[in-house]
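Report on the structure
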Amino acid sequence: MKFIVSSTYLLKQLQVLGGVINSSNTLPILDNFLFELSKSKLTISASDLETTMSSTIDVESDSEGSIALPARLLLDTLKTFPEQPLTFVVEENNTVEISSNHGKYALAYADGAEFPNAVSIEDASKTNISGDILATAISKTIFAAGNDDLRPVMSGVFFQFSQDNLTFVATDAHKLVKYTRNDVSATETAEFIMPKKPLNLLKGILAGSDDDVLVEYNESNAKFTFENSELICRLIDGKYPNYEAVIPKENPNKLVIDRTQFLNSVRRVSIFSNKTTHQIRLKIAGAELNISAEDIDYSNKAEERLTCDYQGDDMQIGFNSRFLTEMINNLNSDNVQLEMSLPNRAGILTPIDGLDEGEHVTMLVMPVMLNN
């Protein structure tokens with residue numbers, strides 16, 4: 001088995017696939033990349049058993065075969081090469097020899113047959129989504145997903161496909177984000193929960209891409225196919241909580257404010273908040289928003305006044321500044337609207353502008369009890 005490939009082209013593909021590999025694996029074979037050669041097509045795969053990703057690249061070769069090469073060693077070596085052709089030759093003594101312009105490097109390989117096979121998806125439903133839309137949907141929601149191992153369903157992003165639209169939801173019980181696209185739809189209704197790791201990989205690869213992504217899914221697995229790559233992952237098992245039930249419908253108090261100004265204010269004031277609760281207080285009366293925080297243990301306090309457009313009763317409400325900052329930061333509009341009903345009911349944050357046609361974002365943040 002022998003092939004010739006460009007060093008930078010190979011490195012670029014391997015760095016993407018390297019994101020799949022865990023730092024500590026139960027099976028030693030998973031520390032490797034699987035190289036499957038079929039004439040001039042080389043398919044490289046990486047897996048952690050839950051997620052498997054593979055890319056097919058063009059190489060110069062007329063042989064066939066499959067071997068598993070140590071990922072860390074290969075990546076570290078390739079990073080040091082300037083752009084040049086590399087020749088890979090499988091030798092008799094269970095090593096692969098890599099020849100560059102200046103030297104030769106031998107590394108031991110494992111048998112490709114030991115590498116776990118990717119799952120095949122039976123009876124799959126299919127949907128096509130533009131790569132850019134999928135990447136945006138992931139980055140708008142994934143930050144709100146939880147990290148609690150006891151509630152695995154909330155540690156992923158909920159995909160809800162229907163004939164009218166596609167909806168993506170993430171929540172950790174303190175904050176919730178619902179992202180809807182009315183300009184994309186599926187042929188049939190489906191719901192599944194995607195884990196974070198494959199979503200982060202997809203987000204990185206697909207950002208700004210115009211290519212369509214074919215999404216295939218059944219009860220237990222989902223597969224994303226795009227350009228020369230495919231990613232298969234196991235879905236999170238379980239029923240997603242009824243998120244619609246927690247979004248308050250009647251919110252008479254509406255605050256509209258410049259997003260950047262609001263964000264900077266919350267960031268500054270929160271430096272003075274209690275380090276465990278991160279609590280900040282919003283006091284709204286007339287056209288004035290007063291943001292304050294106090295850390296009684298250290299006698300630190302801060303207060304800022306902003307002008308805003310407010311319709312509703314005067315009110316005081318407390319929020320965790322970390323959640324609020326994350327959410328405002330994730331919007332890219334000029335102005336945002338915060339809708340509230342009572343100090344103990346969730347606040348709803350939505351962008352006023354800066355959305356594409358057919359794009360809707362609703363963010364929900366739970367209040368914290370104010371100790372007066």
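See the structure printed just above.
As a starting point, this report considers the structure included with it.

Thresholds, definitions, all that
- Residues numbered from 1 in each chain as written.
- Predicted model: local features only at pLDDT ≥ 70, side-chain atom pairs only at ≥ 80, totals over all residues.
- Heavy atoms only, no water.
- Helix = DSSP H or I, 4+ residues; strand = E, 2+ residues; numbered from the N terminus.
- Buried < 20%, exposed > 50% of the residue type's maximum accessible area, 1.4 Å probe, protein only.
- Areas by Shrake-Rupley, 256 points an atom, 1.4 Å probe, with all protein chains shown as cover.
- Lys, Arg positive; Asp, Glu negative; His and termini not counted.
- Charge placed at Lys NZ, Arg CZ, Asp CG, Glu CD.
- Core = buried A, V, L, I, M, F, W, Y, C linked by side-chain atoms within 4.5 Å.
- Patch = residues over 30% accessible without salt bridge, like charges linked within 9 Å, V, L, I, M, F, W, Y side chains within 5 Å.
- Salt bridge = Lys/Arg side-chain N within 4 Å of Asp/Glu carboxyl O.
- Pairing = 2+ DSSP bridges.
- Contact = heavy atoms within 4.5 Å.
- Axes fitted to C-alpha atoms, helices over the stretch in contact; angles between N-to-C directions.
- Phe/Tyr/Trp six-rings, centres within 6.5 Å; stacked < 30°, edge-to-face > 60°.

**Considerations on the overall build of the protein**
Across its full length, the protein holds six helices and 27 strands. Counting only C-alpha atoms and orienting by the principal axes, one finds that the protein spans roughly 80 × 50 × 35 Å. Residue burial in the protein is summarised as follows: out of 372 residues, 51% are buried. Within the structure as shown, the protein displays about 18,000 Å² of accessible surface, and the carbon and sulfur contribution to it stands at 47%. The distance from the centre of the 31 positive side-chain charges to the centre of the 52 negative ones in the protein is 7 Å.

**Observations concerning the nonpolar core**
If you look at the biggest cluster of nonpolar residues, it comprises 97 residues, and the most contacted ones within it are Phe 33, Phe 35 and Phe 262. Looking at this core element by element, the count peaks at five residues for helix α3 (residues 131–141). One finds Phe 158, Val 169, Tyr 240 and Leu 364 within the second-largest nonpolar core, a separate group that totals 13 residues.

**Side note on a negative patch on the surface**
A contiguous patch of negative charge on the surface is contributed by Asp 132, Asp 210, Asp 211, Asp 212, Glu 227, Asp 356 and Glu 357. Structurally, the position occupied by Asp 132 is in helix α3. What makes Asp 132 partly exposed here is its relative accessible area of 33%.

**Considerations on the pairing of strand β12 (residues 166–171)**
Each regular strand displays side chains that alternate between the two surfaces of the sheet. The buried fraction of β12 is high, at six of six residues. Across the two faces of β12 the burial is the same, with Leu 166, Phe 168 and Ala 170 and Thr 167, Val 169 and Thr 171 all buried. Judged from the four bridges that link them, strand β11 (residues 156–161) and β12 form a sheet pairing that is antiparallel. In the sheet register, Gln 160 faces β12, and the bridge partner there is Thr 167.

**As for the sheet that holds strand β16 (residues 221–226)**
Taking strand neighbours across the sheet as the criterion, the nine strands line up as β9-β5-β2-β3-β4-β17-β16-β15-β10 in an open arrangement whose pairing is antiparallel. The open sheet has two edge strands with one neighbour each: β9 (110–111) and β10 (125–130). Relative to the sheet, helix α2 (residues 71–79) contacts β2 (32–38) and β5 (64–70), its axis offset from that of β5 by approximately 85 degrees.

**Some details on the packing of aromatic side chains**
For the structure on display, the rule yields 14 aromatic pairs. Members of the aromatic cluster, connected to one another through ring pairs, are Phe 159, Phe 161, Phe 168, Tyr 179, Phe 192 and Tyr 217.

It is worth stressing that arrangement in space is one thing and function is another; only the former is reported here.
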